[in-house]
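Residue-level structure breakdown
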Amino acid sequence: SFCASNVPVFCTFSDFTAAMPAAISVRPDGVGVITMDSPPVNSLGTELVTSFKQEFPKLVQDPKVKAIVVTGKGAMFCGGAEITEFAVMVAMGPEKMKENNPVAALSEMMDMIDASPKTTVAALNGPALGGGAEVSLACHYRVASDKASVGFPEVNLGLLPGAQGTQRLPRVAPLPTAMQMILQGKPLKADAARKNGIVDAVAKKDVIEEAAEWALSHPPAPISKREVPKTNRFMASAGGLEAGLNTAVNAAPLMIAPRAIIKCFEAACSHKSFREGLQVEMEQFTKLVFSVESAALRHLFLSERLAQKVPGIDEKPMPLKKIGILGAGLMGGGIAMCFIQKGVPVVLKDAKQEWLDGGVKKIESLWGGQAKKGRLSKEKFQQYMSMLKPTLDYADFKDVDMVIEAVPEIMDLKKQCFLDIEANTKPDCLICTNTSGLNIDDIAAVLKDPSRVMGTHFFSPANVMQLLENVRTGKSSIKTLSTGMQMAKIISKKAVMVGNCDGFVGNRMLAPYAGEAKMVAEEGATIEQIDKAATAFGMAMGPMALGDLVGQELFWKQRKAAGDMMKQTKTYYGPYELTDWLCELGRFGMKTPDPSIKADGRGVFIHRGRDKFVDPEVVAKLDEVRKAKGVTPRPVSDEEIVERLFYPLINEGFKILEEGFVARSSDIDLAYIYGYGFPPSKGGPMFFAENYVGFQKILERLKVYDAQAKERYTKNSAYLPIDYFVPSKLLEACAAKQGTKVFPGQTLIDVVLKDFRKSHDGAGPFSKL
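Below, the structure is looked at part by part. Note that the structure is a prediction, hence the values are computed from the model and not measured. (Residues numbered from 1 in each chain as written. Predicted model: local features only at pLDDT ≥ 70, side-chain atom pairs only at ≥ 80, totals over all residues. Heavy atoms only, no water.)

On to the overall build of the chain. From N to C terminus, the chain includes 32 helices and 20 strands. Computed over C-alpha atoms, the radius of gyration of the chain comes to 29 Å, within 12% of the 27 Å expected from 2.2 N^0.38 for 769 residues, which places it in the range of a compact globule. Projected onto its principal axes, the C-alpha coordinates of the chain cover approximately 90 × 60 × 60 Å. Counting across all 769 residues of the chain, residues that qualify as buried make up 57%. For the chain, the share of sequence-separated contacts (at least 6 apart) that also reach a separation of at least 24 residues comes to 73%. Carbon and sulfur atoms provide 56% of the accessible area of the chain, an area that totals close to 31,600 Å². (Helix = DSSP H or I, 4+ residues; strand = E, 2+ residues; numbered from the N terminus. Rg over C-alpha atoms; globule rule 2.2 N^0.38 Å. Buried < 20%, exposed > 50% of the residue type's maximum accessible area, 1.4 Å probe, protein only. Contact = heavy atoms within 4.5 Å. Areas by Shrake-Rupley, 256 points an atom, 1.4 Å probe, with all protein chains shown as cover.)

Next up, the structure:
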């Protein structure tokens, strides 16, 4: 019943304080029209629902009105209920909600439409999503424009359709379709909805005109009075629901909503009445709305909106009509695709013709592959390629509005590239770097005007990964930063603004996670056990598999270039013996095949196609390393592995907030969900700390592991000192306030952080904002 995260634009209660009415009018042919008008997506907030319940009966009671059409104003029929109202609902608690249930008002609205003695038709002028789809199903018939779609995205928020949708949809649609729509949140376009019985007709001309004609020529036919089709009942009793649940659980193992949805479908397809089915739906909905998993997903949804509001960034962005990209490798090519797919032409430059040709060929093959599969039309493919201008000449950057540099991570190279870009671009062209680890202020210092510089840290492959870390340097102008955030919107990235610290946010937090994965392996955990513990927690892949994917050589090369193989920074920690041995042998992971053993890639794992297994030579080398260091392997529990991987990662997040290198805790959560495979149902590392574990437990365990680490590196010179278990001062402050109530929609971390920043100076740009 609610706006959800796969819909492009949403409203929140705070954005729109004006009344959100339902307006009625009567046409000359006697058809009454009620229009939902709650910009921008006609959300079913309290005011609109109250207004609808006041206005609809007027049409029912008016003797001049022969039939009724329900529609939405603008481009949306209705985008669902108002999500921010759910935080208030949860704050009320389950007992209070029984007395004053906000969902009950929505359900009463559905009953009112359903019970109309006059034929009521939904004119779907645009998408009908969540509660909007339920409003359409409360109507007796549905006529859709060709731009309309019907969907139930609630599962993406850990919820189910709570305004009768689980009982109405199986009465009109085949059960497999109903399951796909509600269990997996997949919407249907108008024509597919018609073929599946959800929509009665697709309008060839004006949708309200055709809906009015339909209403005048058909008798009332409420869905609540219809039987569930026998085929749906049979399929439900023959194991169809279990099969649907298995598909949903395999896709998202930590989600709890699919099980609740199946119980609602069971009620619909059993011999329970429509009303009895609604009781089951409300019971299951209430359980979900008070669950921590749904709270996590709602937090994520609202975090996306909040991340766009960067403190102090209030200037109008510059228009971006043409983009320059320096470096045609995997990253540069992926970034180019992002812009072209949104209609922005790209000039792609590299230093050598073969590098440039290779980059263009890769782009062509990716789009060509989509065209072959029918995902991209031939015309679109040709249009895309025509918007890409490959060049070896910096002079072709003369009229671009932004250049994104994506050359190898070598400081002197990047500085020279910046000088060359400056010499060949207009004075207000922004110069951005995709560096993942170099100091951007140092790179920008070579320019006459470093205010035009910011970091744009894309994640590989850039045409697929959703996260973008926009990096604020010491000299970045407000207009530069504003344009960087606007750029992310243009190419549909989830952007977070971060400060210019070592590793920014994501990679800095990942360093202790990766370091501890190697440490617990040396202490006795098997590589398989470490990765399994991480994936059981919900990560997309384990830390060992991630090392093979990214490339084991990344930090090995950086330490070699620095001339210090024992060097540790905020972005990489030891122990190094195992991975250095792999790199000396040229076994970097998935990118280094080994034909001698028929391996497509070789690192910690031997990779063959989609299969992988731990290299026996790695197991032998681990034993050798342990013996050389005088370590006797011991059993390590999965619980200890999870704590040692994630608690220092969370601790580093607190330190980043403490130092002012990110504005708020939800920005960290967003980065980890969209850039690092953190499980959405856990809400991100900071939400997880506050709502799943508790600050006091994390603090207590960090102290234990810090003491163990100190003992290890002070007594055994083979180990390097580490400080990532040393508790953050902000974490200590949060632990002291644990249990304090905060307003709906707030996090305790951010409440404590606000006071903390008043009394503590941090090096980051957000420390005093």
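Before going further, it helps to spend a moment on the sheet that holds strand 5 (residues 128-129). Reading across from one edge, 5-7-8 is the order of the three strands in this open sheet, with mixed pairing throughout. Among the strands making up the open sheet, the edge pair consists of strand 5 and strand 8 (188-189). Here two bridges tie strand 7 (residues 149-151) to strand 8, and the two strands are oriented antiparallel to one another. Counted as the bridge partner of S149 is K189 from strand 8. (Pairing = 2+ DSSP bridges.)

Take the environment of E154 next. Mapped onto the elements of the fold, E154 is located in the loop between strand 7 and helix 6 (165-172). For the pair formed by E154 and V347, sequence separation is 193 residues and the distance between their alpha carbons is 41 Å.

Turning next to the pattern of salt bridges. When the charged atoms of two side chains lie near each other, side chains of opposite charge can form a pair. Evaluated as defined, the whole model comprises 45 salt bridges. Of the charged contacts in the structure, one is a salt bridge between R27 and D29, with a shortest N-O distance of 2.9 Å. By relative accessible area, which is 18% here, R27 ends up buried. Judged by its relative accessible area of 27%, D29 falls in the partly exposed class. A salt bridge links D615 to R602, with the shortest nitrogen-to-oxygen separation between them at 2.7 Å. With D615 in the loop between strand 20 (611-614) and helix 26 (616-629) and R602 in strand 18 (residues 601-602), this residue pair connects regions lying 13 residues apart in the sequence. Assigned by exposure class, D615 and R602 land together as buried. One connected set of salt bridges, linked through shared partners, spans E516, E523, R634, E640, R644 and R712. (Salt bridge = Lys/Arg side-chain N within 4 Å of Asp/Glu carboxyl O.)

Residues P685, M686, F687, F688 and A689 constitute the buried set of helix 29 (residues 685-693). One or two positions beyond helix 29, positive phi appears at G694, with a value near 100°.

Quick look at the sheet that holds strand 20 now. Backbone-to-backbone hydrogen bonds pair the strands of a sheet. The strands run either parallel or antiparallel. Strands sit in the order 18-19-20 across an open sheet of three strands; the sheet is antiparallel. For this open sheet the edge positions go to strand 18 and strand 20, each flanked by a neighbour on one side alone. Where strand 18 lies against strand 19 (residues 605-608), two bridges are found, and the strand directions are antiparallel. For R602, the partnering residue across the bridge sits in strand 19 and is I606.

It is worth spelling out the packing of helix 30 (residues 695-715) against helix 31 (residues 729-736) at this point. Taken N-terminus to C-terminus, the directions of helix 30 and helix 31 make an angle of 135°; their axes are 8 Å apart at the nearest point. As the angle between them shows, helix 30 and helix 31 are arranged oblique. Where helix 30 crosses over helix 31, the handedness of that crossing is left-handed. On helix 31, the residues touching F695, Q696, I698, L699 and L702 of helix 30 are L731, E732, C734 and A735. Along the lines of polarity and charge, the residues of the contact of helix 30 with helix 31 split into seven nonpolar, one polar and one charged. (Axes fitted to C-alpha atoms, helices over the stretch in contact; angles between N-to-C directions. Parallel < 35°, antiparallel > 145°, perpendicular 65-115°, else oblique. Left-handed = near helix turned anticlockwise from the far one by under 90°. Nonpolar A, V, L, I, M, F, W, Y, C, P; charged D, E, K, R; others polar.)

Of all six residues making up strand 15 (residues 453-458), six are buried, and the element is well covered by its neighbours. The pairing of strand 14 (residues 430-433) with strand 15 spans three bridges and is parallel. Each residue of the ladder has a partner; that of I431, found in strand 15, is V453. Where strand 15 and strand 16 (residues 467-472) come together, four bridges link them in antiparallel fashion. Bridged to G455 within strand 16 is V471.

This model, assessed by the stated rule, comprises 20 aromatic pairs. These aromatic residues form a ring-pair network of at least three members: Y513, F537, F646, F678, F688 and Y692. Against the face of Y692 rests K682, its NZ or CZ located 6.0 Å from the ring centre. The cationic tip of R712 hangs over the ring face of Y719; the distance from NZ or CZ to the ring centre is 5.7 Å. (Phe/Tyr/Trp six-rings, centres within 6.5 Å; stacked < 30°, edge-to-face > 60°. Lys NZ or Arg CZ within 6 Å of the ring centre and 35° of its normal.)

On to a nonpolar patch on the surface. Taken together, the side chains of M541, L549, V550, L554 and M590 present a nonpolar region at the surface, about 400 Å² in accessible area. The residue M590 is located in the loop between helix 25 (577-584) and strand 18 in this model. By relative accessible area, which is 42% here, M590 ends up partly exposed. (Patch = residues over 30% accessible without salt bridge, like charges linked within 9 Å, V, L, I, M, F, W, Y side chains within 5 Å.)

Right, let's talk about the nonpolar core for a bit. Grouped together as the largest cluster of nonpolar side chains are 94 residues, with contacts concentrated most on F654 and F695. Formed by 73 residues, the second largest nonpolar core is a distinct cluster that contains V49, A81, V103 and L160. (Core = buried A, V, L, I, M, F, W, Y, C linked by side-chain atoms within 4.5 Å.)

Turning next to helix 15 (residues 330-340). A large share of helix 15 lies buried, amounting to 10 of its 11 residues. Turning to helix 15, its buried residues number three or more, namely M331, G332, G333, G334, I335, A336, M337, C338, F339 and I340.

To continue, consider the packing of helix 28 (residues 665-675) against helix 29. The interhelical angle for the contact between helix 28 and helix 29, taken along N-to-C directions, is 115°, at an axis separation of 6 Å. Across the interface between the two elements, S665, I668, D669 and Y672 from helix 28 touch P685, M686 and F687 from helix 29. Here the contact of helix 28 with helix 29 is built from residues that sort into five nonpolar, one polar and one charged.

With respect to the element layout, Q164 can be found in the loop between strand 7 and helix 6. Between the C-alpha atoms of Q164 and I421, which are 257 residues apart in sequence, the distance is 59 Å. For Q164, the contacting residues outside a window of four places in its chain are S107, M110, D111, E134, F274, R275, L278 and E281. Within the structure, Q164 has its side chain in polar contact with the side chain of R168 (distance 2.7 Å). (Polar contact = N/O pair within 3.5 Å; in protein donor to acceptor, adjacent residues only side chain to side chain.)

Keep in mind these values describe shape, not function.
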